[in-house]
Amino acid sequence: MFDLTKGIIYGINGPVIYIQGKTGFKMGEMVYVGKQRLVGEVIRLTSERATIQVYEETTGLKPGEEVYATGAPICVTLAPGILNQIFDGIERPLGEIAKSSGIYMSRGIRTDALDKERLWKTHLVVSEGQRVYGGTILAEVVETEAIVHKVMVPPDMGGIVVSAVPDGEYTICDRLVTIQKDNGETAELTMTQKWPIRIPRPSAKRYPASKPLITGQRILDTMFPIAKGGTAAVPGGFGTGKTMTQHQIAKWSDADIIIYIGCGERGNEMTQVLEEFSELTDPRSGKSLMARTALIANTSNMPVAAREASIYTGLTLAEYYRDMGYHVAIMADSTSRWAEALRELSGRLEEMPAEEGFPAYLASRLSAFYERAGMMQNLNGTEGSVSIIGAVSPQGGDFSEPVTQNTKRFVRCFWGLDKSLAYARHFPAIHWLTSYSEYLSDLAPWYSTYVGKNFIDNRNQMMSLLNQESSLMEIVKLIGADVLPDDQKLVLEIARVIRLGFLQQNAFHPDDTCVPMEKQKKMMETILYLYKKAKVLIAMGMPMRILKQNKIFEKIIAMKYDVPNDRLDLFEEYQKDIDAFYDDVMARNA
Amino acid sequence: MAIEYLGLSEVNGPLIALEGVQDASYDEIVEISIDNGREKKIGRIVECYADRAVIQVFQGTENISLMNTHTKLTGHPMEVALSEEMLGRTFNGIGIPIDGLGPVPSTLKRDVNGQPLNPVSREYPRNCICTGISAIDGLTTLIRGQKLPIFSGNGLPHDRLAAQIVKQASLGDGDEEAFGIVFAAMGVKYDVADFFRRTFEESGVSDHVAMFLNLANDPVVERLITPKVALTVAEYLAFEKGMHILVILTDMTSFAEAMREVSSSKGEIPSRKGYPGYLYSELATIYERAGIVKGREGSVTQIPILTMPNDDITHPIPDLTGYITEGQIVLDRSLHGQSVYPPISVLPSLSRLMKDGIGSGYTREDHQDLANQLFSCYAKVGDARALASVIGEDELSDLDKIYLKFGQEFESRFVGQGESENRSMSDTLNIGWELLRMLPREELDRVNTKILDKYYEL
């Protein structure tokens with residue numbers, strides 16, 4: 001006979017421990033390991049041994065110590081108090097940990113994920129006798145100054161409300177509602193739900209992508225847009241600006257909630273996010289950015305198994321807010337570190353490696369991760385979305401490595417960062433030739449309705465100019481630019497204006513850091529108007545040399561700084577300037 | 001009462017296996033006595049089963065036989081004795097004094113593995129350190145609490161550069177705060193260690209230096225612990241004694257190579273180029289020990305040096321390092337060939353913390369714009385040179401010719417400087433503007449118009 005709830009450690013190898021003999025442990029079950037009660041998870045069972053990965057350092061652990069089963073898989077606690085917080089990979093609040101154990105992360109810490117003492121002002125929206133289903137909203141709590149938290153019935157429950165407390169102040173453990181289930185049992189519902197991190201939260205149905213996630217970044221919104229509920233990958237070698245891109249989206253995108261997962265990245269980066277986001281205000285709500293943000297920080301020196309879990313923890317939090325009817329965007333920085341955690345654990349388990357030492361299940365784990373994104377109709381009928389923006393750190397900046405390649409199969413938006421652009425300090429260093437967005441056609445109706453009829457056509461025209469530039473550059477590299485005919489010189493010049501004046505965007509400039517759609521449209525129109533006019537001149541036989549004497553090209557490049565975001569009327573001046581340039585060249589050379 | 005175990009069941013490279021052990025814990029340190037105490041070694045338990053432990057011996061397994069050893073468990077992980085007296089002393093790779101001045105008086109011992117800093121407790125580093133080297137101060141500014149590695153190759157002057165940084169580093173305003181240097185050498189040549197020792201002596205800082213030396217002929221496994229010992233000392237001095245500590249780790253490539261050696265004798269599944277899958281995590285536990293902590297005085301700044309095998313920046317060691325550290329300073333062989341010192345290859349070099357530690361209030365208002373402009377112009381120099389090598393310099397447009405000239409001047413006057421030349425921040429920035437004035441104003445598209453008016457038109 002074996003004990004269902006206990007095992008004895010037999011062997012230890014880094015974050016992996018073995019228990020000999022048959023145990024009653026379940027696959028994926030959360031366990032406490034050893035005297036310090038380190039958190040672990042069961043990952044393999046055979047008749048001889050159980051294998052457990054431990055989410056904390058195993059230094060000092062001894063064979064012979066006990067392992068206790070908890071009976072449940074690794075879960076996160078879902079209730080008010082998640083936002084404006086920073087957690088580690090298994091939802092332990094880092095702020096609380098710092099208070100109790102000092103500047104270092106000590107082991108075996110057991111704190112509640114969320115504050116159980118705090119009283120929340122609660123407004124109930126159900127009444128006695130009402131029938132409730134999984135997902136039905138029971139109460140509303142003002143969680144932060146920007147977000148109203150909606151307390152819901154857990155997805156697997158339902159019944160008739162037999163009693164409900166009056167409006168007032170409650171903790172997350174207080175009973176709010178008692179329901180009678182269909183089988184006659186009663187259940188007491190609090191604000192708190194638990195949900196296993198590896199299982200997607202259910203929803204009623206999935207909508208096709210139809211609305212863009214507006215980020216205020218020109219190269220994204222105009223050139224390679226991502227839909228709400230979409231998936232995007234940002235691959236790039238070190239120093240190309242993955243983290244910067246993620247920060248910009250986290251700051252300025254029009255999502256309601258941001259979940260920022262720092263997975264195996266730098267400690268100072270998380271500190272920076274904490275500091276910066278607390279100081280910045282959300283342009284839409286006017287409140288602090290942290291009021292809509294939750295951070296998951298599992299820095300590179302924190303235990304590797306928790307790094308693997310951090311991605312799922314973040315996803316589950318995101319799905320929970322989606323169920324309330326919010327649009328959530330997840331920044332996962334970086335999914336390569338997560339894949340490496342998989343590789344590291346797989347190596348410790350002595351599994352047969354596939355490509356580059358990564359386990360063969362890398363592709364299926366990646367697809368399962370990205371498929372949890374989507375625009376959904378929730379169980380309670382509201383509409384919400386989870387968009388995933390995953391950074392990828394390819395080894396040696398080489399996009400042919402397995403994580404980038406497999407990610408490419410499962411995302412529909414690819415923002416490839418380029419080393420040579422980063423070296424020339426062209427930021428964002430997203431390369432227009434390697435990047436793509438499959439959402440472009442899905443979103444075309446939205447753009448033509450809400451931004452402008454010609455928007456997509458203009459965008460395509462700019463793309464085609466950039467493509468022409470790249471093939472012309474092949475020639476220029478061989479024989480120099482001087483021998484090109486003037487119409488091709490014009491293409492090069494306009495492409496330069498597009499690159500410097502439109503694609504390049506300064507994240508540190510107060511106006512340029514986030515640009516509204518309307519300004520993006522006007523900038524694009526202005527550049528193309530210049531092209532149209534200049535083309536006419538060239539067709540009449542004017543040499544490019546003469547056109548270049550006019551400062552108009554430089555003036556258009558500088559318009560991103562010169563036109564404030566709230567003075568879009570100034571674009572009419574630019575139209576006039578271009579006309580003046582046309583007339584001037586005509587008058588002097590006709 | 002500690003039990004001693006007689007004999008071993010297996011010796012394999014740096015690893016030994018012990019059967020029938022009781023009460024061993026993972027990562028515990030064991031003492032091994034050979035031939036009745038004629039030789040003593042220490043080791044660390046790297047795998048641990050109910051009755052069997054695999055031990056990694058720091059000093060190598062020479063002289064160990066299956067019969068002649070007594071192994072004793074110490075009951076604790078690797079620890080190092082800490083004291084302020086460690087400055088001015090020299091230690092071997094596992095923290096034992098080798099300068100003949102006897103043991104360090106100390107009552108405090110600490111686990112060398114350290115613990116991860118809670119991100120909430122960190123303070124974002126903002127104070128820039130002036131190194132007096134234009135290419136670093138101007139373009140890849142070093143910030144206190146940063147980890148900024150030097151990516152170098154064999155035969156390049158990375159040691160001289162590191163020594164110059166040590167000699168010249170200051171907070172810029174004659175700050176008199178307590179500072180110290182922790183120097184850890186892993187598998188470096190005797191000459192290199194000696195060069196650093198002489199440099200520290202010449203510049204009069206040797207009283208503030210704690211040196212940890214694991215030389216090229218010292219046991220390989222020992223160097224796996226050297227950076228951890230050094231950083232434990234650095235953290236103690238910084239966060240408990242309020243000192244500003246600069247840690248120089250050289251050479252991280254030897255460290256990674258030692259990991260590969262041990263990993264393969266453990267029979268682990270290799271990932272890239274035979275390095276173990278946990279190379280990233282292991283490097284991260286070292287690099288992430290730099291930083292500043294809220295409410296504490298001191299700081300730990302790291303300058304790890306690594307030699308890129310075959311000058312390949314995509315090799316796993318520089319690659320993974322670059323993903324953890326906050327930027328990198330890359331040295332370039334062709335610049336070195338042209339006798340440019342320091343041969344810093346500006347374009348791939350980067351300091352991630354620079355943007356928040358420069359500009360008005362820190363260095364000078366034009367710093368960021370100037371740096372961006374220099375980067376961007378120098379990138380164009382590369383294009384012009386590529387073109388010139390195809391069509392010849394004479395055929396270039398006038399603008400491209402100016403760029404070529406700019407490139408040359410930039411390399412010789414801005415990047416190049418004397419080994420003892422200590423340039424102030426404003427000198428560095430002024431040289432930058434002098435160079436930019438070679439170019440027509442329209443070409444300067446990264447600089448704010450106001451700043452251009454002020455600095456370009458002098």
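Residues take numbers from 1 onward in each chain, read along the sequence in its written order. For this description, chains carry letters from A and ligands carry numbers from 1, given in the order in which they are written. Per-residue local features of the predicted model are confined to residues with pLDDT of at least 70, and side-chain atom pairs are confined, for both listing and counting, to 80 or more; whole-chain, interface and lining totals are unaffected and use all residues.

### Looking at the overall build of chain A
Piece 1. Secondary structure summary: chain A contains 17 helices and 26 strands in total.
Piece 2. Only C-alpha atoms enter the radius of gyration, while the globule expectation follows 2.2 Å times N to the 0.38, with N the number of residues. By the compact-globule yardstick of 25 Å for 590 residues, chain A fits well, its C-alpha radius of gyration being 28 Å.
Piece 3. Projected onto the principal axes, the alpha-carbon positions of chain A cover approximately 100 × 55 × 40 Å. Each helix corresponds to a stretch of at least 4 residues labelled H or I by DSSP, and each strand to a stretch of at least 2 residues labelled E; elements are numbered beginning at the N terminus.

### Overview of the overall build of chain B
Piece 1. Counting its regular elements, chain B contains 13 helices and 21 strands.
Piece 2. By the compact-globule yardstick of 23 Å for 458 residues, chain B fits well, its C-alpha radius of gyration being 25 Å.
Piece 3. C-alpha atoms of chain B, sized along the principal axes, occupy 80 × 50 × 40 Å.
Piece 4. The buried share of chain B, reckoned over its 458 residues, is 53%.
Piece 5. Sequence-distant contacts in chain B: of pairs separated by 6 or more residues, those separated by 24 or more amount to 72%. Neighbour density around each residue's C-beta defines its exposure: 20 or more other C-beta atoms within 10 Å make it buried, 12 or fewer make it exposed, and counts between make it partly exposed, where C-beta atoms are placed from the backbone. Contacts are defined on C-beta atoms placed from the backbone: any two residues whose C-beta positions lie within 7 Å are in contact.

### Some words on helix α12 (residues 425-436) of chain B
Piece 1. For a helix, the expected span equals 1.5 Å multiplied by the residue count minus one. Over its 12 residues, α12(B) extends 17 Å from the first C-alpha to the last, a length consistent with the 16 Å expected when each residue adds 1.5 Å.
Piece 2. On the buried face of α12(B), the contacting elements are α1 (134-139), α10 (367-391) and α11 (398-415) of chain B.

### Examining the interface of chain A and chain B
Piece 1. If you look at the interface, chain A gives 61 residues, while chain B gives 60 residues.
Piece 2. Where the side of chain A that touches chain B is concerned, the elements lending two or more residues are β1 (6-13), α1 (94-101), α4 (267-279), α6 (335-348), α11 (455-479) and α15 (552-557) of chain A.
Piece 3. Considering each element in turn, the side of chain A that touches chain B owes the most residues, 6 residues, to α4(A).
Piece 4. Classification convention: Asp, Glu, Lys, Arg as charged; Ala, Val, Leu, Ile, Met, Phe, Trp, Tyr, Cys, Pro as nonpolar; all other residues, Gly among them, as polar. Residues belonging to the side of chain A that touches chain B are distributed by class as follows: 25 nonpolar, 23 polar and 13 charged.
Piece 5. Relative to strand β5 (residues 39-49) of chain B, β1(A) is paired through 2 bridges, and the arrangement is antiparallel. Residue pairing for β5(B): Gly11(A) is matched across the bridge by Tyr49(B). A pair of strands counts as paired when DSSP detects no fewer than two bridges linking them.

### Quick notes on the sheet that holds strand β12 (residues 148-152) of chain A
Residues and elements named next belong to chain A.
Piece 1. In space, the 4 strands of this open sheet follow the order β12-β11-β9-β14, with antiparallel pairing throughout. Pairing within the sheet leaves two strands with one partner each, and these edge strands are β12 and β14 (168-170). The sheet shows a mean angle of 40° between the axes of neighbouring strands, direction not considered. For helices, the fitted line uses only the C-alpha atoms of the stretch in contact; every axis is such a line through C-alpha atoms, and the angle between N-to-C directions lies from 0 to 180 degrees.

### Quick notes on the sheet that holds strand β13 (residues 159-164) of chain A
Residue and element names in this part refer to chain A.
Piece 1. The strand order across the open sheet built from 4 strands is β10-β13-β15-β16, with neighbouring strands paired in antiparallel fashion. Only two strands of the sheet have a single partner each, and these edge strands are β10 (131-132) and β16 (186-189).
Piece 2. Examined bridge by bridge, β13 and strand β15 (residues 177-180) share 4 bridges and lie antiparallel to one another. Residue pairing for β15: Val 161 is matched across the bridge by Ile 179.

### Regarding the nonpolar core
Piece 1. To count as a nonpolar core, a set of buried Ala, Val, Leu, Ile, Met, Phe, Trp, Tyr and Cys residues must be joined through C-beta atoms within 7 Å. Core analysis: the biggest nonpolar cluster contains 313 residues, and Ile259(A), Ile330(A) and Val233(B) have the highest contact counts within it.
Piece 2. Beyond its immediate sequence surroundings of up to four residues, Ile259(A) is in contact with Ala294(A), Ile296(A), Gly314(A), Leu317(A), Ala318(A), Val328(A) and Ile330(A).

### Quick word on the environment of Phe502(A)
Residues and elements named next belong to chain A.
Piece 1. Along the chain, Phe 502 falls in helix α12 (residues 486-503).
Piece 2. Along the primary structure Phe 502 and Pro 73 are separated by 429 residues, whereas in three dimensions their C-alpha atoms are 49 Å apart.
Piece 3. Beyond its immediate stretch of four places on either side in the chain, Phe 502 contacts Arg 218, Met 523, Met 524 and Ile 527.

### Section: unusual backbone geometry
Piece 1. Cis geometry is adopted by the peptide bond preceding Ser334(A), which originates at Asp333(A) and carries an omega value of 5°.
Piece 2. Within the fold, Ser334(A) resides in the loop between β22 (327-333) and α6.
Piece 3. The omega angle of the peptide bond from Tyr341(B) to Pro342(B) is -10°, so this bond is cis rather than trans.
Piece 4. Mapped onto the secondary structure, Pro342(B) falls in the loop between α8 (333-337) and β21 (344-351).
Piece 5. One non-glycine residue, Glu350(A), lies in positive phi territory at about 55°.
Piece 6. Along the polypeptide, Glu350(A) turns up in the loop between α6 and α7 (362-370).

### Here's the deal with the pairing of β12(A)
The two faces of the sheet receive side chains in turn, since in a regular strand these alternate between them.
Residues and elements named next belong to chain A.
Piece 1. The buried fraction of β12 is high, at 4 of 5 residues.
Piece 2. Where strand β11 (residues 137-142) lies against β12, 5 bridges are found, and the strand directions are antiparallel. When the sheet's bridge partners are listed, Val 141 is paired in β12 with His 149.
Piece 3. Counting the residues that bridge the hairpin from β11 to β12 gives 5 residues.

### Here we look at the environment of Val42(A)
All names here are of chain A.
Piece 1. In this fold, Val 42 is placed in strand β4 (residues 38-45).
Piece 2. Along the sequence, Val 42 and Gln 575 sit 533 residues apart, while their C-alpha atoms lie 66 Å from each other.
Piece 3. Non-local contacts of Val 42, meaning those with residues more than four positions away in its chain, are made with Phe 25, Lys 26, Met 27, Gly 28, Glu 29, Val 31, Ala 50 and Ile 52.

### A look at helix α7 (residues 316-324) of chain B
All names here are of chain B.
Piece 1. For α7, the tally of buried residues reaches 9 of 9 residues, placing the bulk of the element in the interior.
Piece 2. Of all the positions in α7, only Pro 316, Ile 317, Pro 318, Asp 319, Leu 320, Thr 321, Gly 322, Tyr 323 and Ile 324 are classed as buried.
Piece 3. Contacts made by the buried residues of α7 are with β14 (150-152), α5 (252-265), α6 (279-287), β19 (299-307) and β20 (327-331).

### As for the pairing of strand β20 (residues 257-263) of chain A
Residues and elements named next belong to chain A.
Piece 1. By the criterion of burial, β20 is predominantly enclosed, with 7 of the 7 residues buried.
Piece 2. Residue alternation in β20 divides its side chains into two sets, Ile 257, Ile 259, Ile 261 and Cys 263 and Ile 258, Tyr 260 and Gly 262, and both sets are buried.
Piece 3. Of the pairings in the sheet, the one linking β20 to β22 comprises 6 bridges and is parallel in character. Bridging from a neighbouring strand, Ile 259 pairs with Ile 330 of β22.
Piece 4. For β20 and strand β21 (residues 293-298), the ladder comprises 6 bridges, and the chain directions are parallel. Within β21, the residue paired with Gly 262 across the bridge is Ala 297.
Piece 5. Every crossover in which the path from the first strand over the helix to the second runs clockwise, viewed with the strands pointing away from the viewer, is termed right-handed. In this region the chain leaves β20, passes through α4 and returns to the parallel neighbour β21; the handedness of that crossover is right-handed.

### What to know about the confidence of the model for chain B
Residue and element names in this part refer to chain B.
Piece 1. Confidence scores per residue from the predictor, reported as pLDDT, run from 0 to 100. Averaged over every residue, the pLDDT of chain B is 90; the share at 70 or more is 98%.
Piece 2. Confidence, read as mean pLDDT per element, is least for strand β1 (residues 4-6) in chain B (87) and greatest for β14 (96).
Piece 3. Scoring the predicted complex yields pTM 0.91 and, for the interface, ipTM 0.86.

### Re the packing of α7(A) against helix α8 (residues 402-410) of chain A
Any two packed helices are characterised by how steeply their axes cross, that is the angle between the axes, and by the distance between the axes.
Residue and element names in this part refer to chain A.
Piece 1. As a packed pair, α7 and α8 sit with axes 9 Å apart at the nearest point and diverge in direction by 45°. The angle between the axes of α7 and α8 places the two elements in the oblique class. Seen from above, α7 lies across α8 with right-handed handedness. In this structure, α7 uses Leu 362, Ala 363, Leu 366, Ser 367 and Tyr 370 to contact α8, whose residues at the interface are Pro 402, Asn 406, Thr 407 and Phe 410.
Piece 2. For the contact of α7 with α8, a count of residues per class yields 6 nonpolar, 3 polar and no charged. Angular relationships are summarised with four words: roughly parallel below 35 degrees, roughly antiparallel beyond 145, roughly perpendicular across 65 to 115, and oblique for the angles in between. Helix crossings are classified by the rotation of the near helix relative to the far one: an anticlockwise turn of less than a right angle makes the crossing left-handed, while a clockwise turn makes it right-handed.

### Some details on the packing of helix α5 (residues 304-323) of chain A against α6(A)
Residues and elements named next belong to chain A.
Piece 1. One can describe the packing of α5 onto α6 by two numbers: an axis separation of 9 Å at closest approach and a directional angle of 135°. For the element pair α5 / α6, the angle class is oblique. Remark: the crossing between α5 and α6 carries left-handed chirality. Taking contact as the criterion, the partners of Val 304, Ala 305, Arg 307, Glu 308 and Ile 311 in α5 are, on α6, Arg 337, Trp 338, Ala 341, Leu 342, Glu 344 and Leu 345.
Piece 2. Class assignment of the residues belonging to the contact of α5 with α6 gives a composition of 7 nonpolar, no polar and 4 charged.

### Considering the environment of Phe212(B)
Residue and element names in this part refer to chain B.
Piece 1. Within the fold, Phe 212 resides in strand β16 (residues 209-215).
Piece 2. When the C-alpha positions of Phe 212 and Thr 226 are compared, they lie 6.9 Å apart, and in sequence the two are 14 residues distant.
Piece 3. Once residues lying within four places of it in the same chain are set aside, the contact partners of Phe 212 are Phe 91, Gly 93, Gly 95, Phe 183, Ala 184, Ala 185, Thr 226, Val 229 and Ala 230.

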